[in-house]
Amino acid sequence: MPELRRDELSGRWVLLAPGRAARPHTVRSAAPDARSAPEDCPFCPGNEHLTPPEVYRTGGGAPDTPGWRVRVVPNLYPIVGGGDAGPGATGAHEVVVLSPAHDKSFAQLDAAQATEVLTVLRDRVRDHLGAGHAFVQVAINHGRAAGASIEHPHAQLVALDLVPPAVAQAVERFEDSGRDLVIADLDAAGDGLRLVDGPVAAWCPRAGSTPYEVRVAARVAGSRFDETGDADVQLFAGTTRSVLARLAAAAGDAPYNLVVHTAPPEASPRSFHWYVEVQTRSTVPAGFEQGTGILVNTVPPEVAARDLREAAHHG
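We now turn to the structure provided with this report. Here the structure is a predicted model, which means the values were calculated and not measured.

Notes on the packing of helix H1 (residues 111–130) against helix H4 (residues 230–251)
Describing two packed helices takes the angle between their axes plus the distance from one axis to the other.
So, step 1. Running from amino to carboxyl end, H1 crosses H4 at an angle of 120°, the nearest separation of the two axes being 8 Å. Compared by their axis directions, H1 and H4 come out oblique. The chirality of how H1 crosses H4 is right-handed. Contacts from Ala111, Ala114, Thr115, Leu118, Thr119 and Arg122 of H1 reach H4 at Asp230, Val233, Gln234, Phe236, Ala237 and Arg241.

So this is what it looks like as structure tokens:
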């Protein structure tokens, strides 16, 4: 039976319509076998010359040579930045290569690797904000349907010289509510929608807008990703890696976007609660969604949470 829900955290309206898909929660497909890396993959070791000169790395070796563990390079096709960027389009766009392994997504990294990746992302955000940029967006696009044009797992980091309207609206919505909307969303999830409990929790939001949508957040409020301490980064990395591994087990190698939602530096410390959101891209918004602004989810969050909890046994 269709049901209309509103997500107070994002402001989205969602129609849960399981009848739009034939038993979607019963579909199980293992992630595809790893394929050999193409010889011209620009993110594989030995091909460092195929990218712009790196701006940061962890691990050994000279710049732009093998030996790195995480590598950061300017995006060859940036969204913003460059000498001819117009007003509002200035900034910087970087790619963070998660590891030298062509076939290891974030879910497949070990605990130390996942922590190192998230630490690099945090530190790069700090650097760009310290350089005077107004906001930095961090995302991982997994799979072509989620916007990844290169198969080798990587993250995108976009430093902007303006605070995006959606971010400003999110902070305003948070402040106007008079409460912590992230904790309220976690509490509303209850035991039925919760996947991981503890200092860093993971849950399926009650009004999730895509199949198997998951949120990850620390219970102790912090408004900005870049201000997160090392211990919390380690906890976030572990929980996020677990969530993505469950997603792969429950829904196959589903394409997804992992987005870090964080407050801009100008916001007050109590005006937001930073969190990670994972949304799959197994369905495509069509005319109804574009015309109404109401999103349609064919996998009820209650079903998604059950599947993801069961998938923990596969990890």
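So, empty space enclosed by the protein
So, step 1. For the structure on display, the rule yields 1 cavity of 30 Å³ or more.
So, step 2. Taken as a whole, the largest cavity holds about 50 Å³ of empty space.
So, step 3. Along the walls of the largest cavity sit Phe106, Leu118, Leu121, Ile140, Thr240, Leu258 and Val276, which together make up its complete lining.

Description of the side chain of Asp185
So, step 1. Tracing the sequence through the fold places Asp185 in helix H3 (residues 181–193).
So, step 2. Residue classification places Asp185 among the buried residues on the basis of a relative accessible area of 10%.
So, step 3. Setting aside chain neighbours within four positions, we find Asp185 in contact with Asp7, Trp203, Pro205 and Arg215.

Regarding the state of the cysteines
So, step 1. Counted by the stated rule, this structure contains 0 disulfides.
So, step 2. Take Cys44: it sits in no disulfide, and the sulfur closest to it among the cysteines is that of Cys41, at 3.6 Å.
So, step 3. Among the residues examined, Cys44 registers a relative accessible area of 10% and is labelled buried.

Thoughts on the pairing of strand E5 (residues 91–97)
So, step 1. Among the 7 residues of E5, 6 are classified as buried, and the element is accordingly described as predominantly covered.
So, step 2. The sheet contact formed by strand E4 (residues 68–74) and E5 spans 4 bridges and is antiparallel. Across the sheet, the residue bridging to Val72 is Val96, located in E5.
So, step 3. Alignment of E5 against strand E7 (residues 154–160), held across 7 bridges, turns out to be antiparallel. Counted as the bridge partner of Val95 is Gln156 from E7.

Brief notes about the environment of Asp307
So, step 1. Mapping Asp307 onto the fold places it in helix H6 (residues 301–311).
So, step 2. What makes Asp307 buried here is its relative accessible area of 2%.
So, step 3. On a C-alpha basis, the gap between Asp307 and Ala250 in space is 6.0 Å, while along the polypeptide they are 57 residues apart.
So, step 4. At 3.3 Å, the side chain of Asp307 forms a polar contact with the side chain of Arg306.

A word on the packing of aromatic side chains
So, step 1. Inspection of every chain in the model, using the stated rule, returns 4 aromatic pairs.
So, step 2. With 5.0 Å between their ring centres and 50° between their planes, Phe225 and Trp274 make a pair best called tilted. Of the two residues, Phe225 is situated in the loop between strand E10 (214–218) and H4 and Trp274 in the loop between strand E11 (256–261) and strand E12 (275–280); the sequence distance between them amounts to 49 residues. In this pair, the class of Phe225 matches that of Trp274, namely buried.
So, step 3. Between the aromatic rings of Phe272 and Tyr275, the centroid separation amounts to 6.3 Å while the plane-to-plane angle is 35°, which identifies the pairing as tilted.
So, step 4. With a relative accessible area of 4%, Tyr275 lands in the buried category.
So, step 5. Within the aromatic cluster, the residues linked to one another by ring pairs are Phe174, Phe272 and Tyr275.

Side note on the pattern of salt bridges
Working definition: two side chains of opposite charge can pair if their charged atoms are close together.
So, step 1. A full pass over the atoms with the stated rule returns 25 salt bridges.
So, step 2. The partner of Asp123 in a salt bridge is Arg126, with the nearest N and O atoms 3.9 Å apart. Of the two residues, Asp123 and Arg126 both sit in helix H1, 3 residues apart, roughly one turn of that helix.
So, step 3. Residue Asp123 is classed as partly exposed on the basis of its relative accessible area of 23%.
So, step 4. Through salt bridges with shared partners, a single ionic network connects Asp7, Arg12, Asp185, Glu213, Arg215 and Glu277.

About the cut-offs
- Residues numbered from 1 in each chain as written.
- Predicted model: local features only at pLDDT ≥ 70, side-chain atom pairs only at ≥ 80, totals over all residues.
- Heavy atoms only, no water.
- Axes fitted to C-alpha atoms, helices over the stretch in contact; angles between N-to-C directions.
- Helix = DSSP H or I, 4+ residues; strand = E, 2+ residues; numbered from the N terminus.
- Parallel < 35°, antiparallel > 145°, perpendicular 65-115°, else oblique.
- Left-handed = near helix turned anticlockwise from the far one by under 90°.
- Contact = heavy atoms within 4.5 Å.
- 1 Å grid on protein atoms, 1.4 Å probe; cavity = no way out; pocket = protein on both sides within 12 Å on 5 of 7 lines; lining within 4 Å.
- Points joined across faces, edges and corners; volume = space filled by probe spheres on them.
- Buried < 20%, exposed > 50% of the residue type's maximum accessible area, 1.4 Å probe, protein only.
- Disulfide = S-S within 2.5 Å.
- Pairing = 2+ DSSP bridges.
- Polar contact = N/O pair within 3.5 Å; in protein donor to acceptor, adjacent residues only side chain to side chain.
- Phe/Tyr/Trp six-rings, centres within 6.5 Å; stacked < 30°, edge-to-face > 60°.
- Salt bridge = Lys/Arg side-chain N within 4 Å of Asp/Glu carboxyl O.

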